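These are the residues of each chain, in order.
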Amino acid sequence: VCLHLVQPRAEARLMSRRGPAADAAADRWRAFVDDALARWGSAADCVEVGATCNRRKWSGQSLAALAQAWQIAWAIACARGVKIIGPNVTDFETVYNFLLLDRLRRLGCPPEAHTDNLFVERATEPENYDHKILGYRAAGWLRCNLIRKARLLQAIGAAHGAPVFICSHTAWSLRRIARFLDQVEEKQADYLARYLLLAAAAGALERVYWGPLIGQREGLIDDGTE
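Residues numbered from 1 in each chain as written. Predicted model: local features only at pLDDT ≥ 70, side-chain atom pairs only at ≥ 80, totals over all residues. Heavy atoms only, no water.

## Considering the sheet that holds strand β4 (residues 113-117)
Sheet strands pair by backbone hydrogen bonding; their relative direction is either parallel or antiparallel. Quick note on the threshold: In short, DSSP must find at least two bridges between two strands for them to pair. Helix and strand definitions follow DSSP, with helices as H or I runs of at least four residues and strands as E runs of at least two, each counted in order from the N terminus. Axis definition: a line fitted to C-alpha atoms, over the contacting stretch in the case of helices. Angles run 0 to 180 degrees between N-to-C directions. Here, residues are in contact when the closest pair of their heavy atoms is within 4.5 Å.
Taken together, the 6 strands give an open sheet; going across it, the order is β1-β2-β3-β4-β5-β6, and neighbouring strands pair in parallel fashion. Two strands in the sheet have a free side with no partner beyond their single neighbour: β1 (2-5) and β6 (207-210). Pairs of neighbouring strands in the sheet enclose a mean axial angle of 25°, with direction left out of account. With 3 bridges connecting them, β4 and strand β5 (residues 165-170) associate as parallel partners. Residue pairing in the sheet places D116 in a bridge with C167 of β5. Of the strands in this sheet, β2 (46-49) and β3 (84-90) are in contact with helix α4 (residues 63-80), which crosses β3 at around 155°. Sitting on the sheet, helix α9 (residues 184-202) is in contact with β5 and β6, with an inclination near 165° to β6.

Here is the structure:
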């Protein structure tokens, strides 16, 4: 089990500022992490900190605020003997992996494993070359598919003291598949099986997680929001 600790967006926005409100938000985050790890830390294989840190609109967190939140959680996790992983970059945007891992290494608190939500659904099928990097014409020349992406991200982590690479969330949206195909759940399962085979062939991924256990869209257990 990977326990993913996520700071609420409003709290993350407060920590992205300066002053008493930011200090209070940091104290609340510290108390939350300490309580969560006291309750469940010993039962989890690892704890992930960071949430789509390259999407500030989603997370509410600046990169500086993420580094601060990470330092707080890292100190608590180390004190409790819990393995901490991160920073949960989403998609294939390597500049964020490089910058964040470099910063955490310089701060003296690198993750024990480097995590990325390595989606490939924008290429439709898991074997396809990603045309959204430099366009359709360059896709066949770059040959940037799941295997190449995984190997590159693992190398970036290894260069910054985190050689173990984990995909902590991947999924295919049922709504996106339904635009083109029938029997969407069967096709989703087919894509996942093929993704896992490619991930194993890459030799760069320690493990892959399929979305969250509980979630409104791709969770194996529906969270009941509808």
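## Looking at helix α5 (residues 94-106)
Worth spelling out the cut-off: Here the expected length of a helix is defined as 1.5 Å per residue gap, with one fewer gap than residues. Buried means the residue's accessible area, taken with a 1.4 Å probe over protein chains only, is under 20% of the maximum for its type, while exposed means over 50%, and partly exposed covers the values in between.
With 13 residues, α5 should reach 18 Å at 1.5 Å per residue; the first-to-last C-alpha distance of 18 Å fits that figure. Taken together, the buried positions of α5 are N97, L100, L101, D102 and L104. Where the residues of α5 are buried, they touch α4, β3, β4 and α7 (146-159). Remark: G108 follows α5 within two positions and exhibits a positive phi of approximately 80°.

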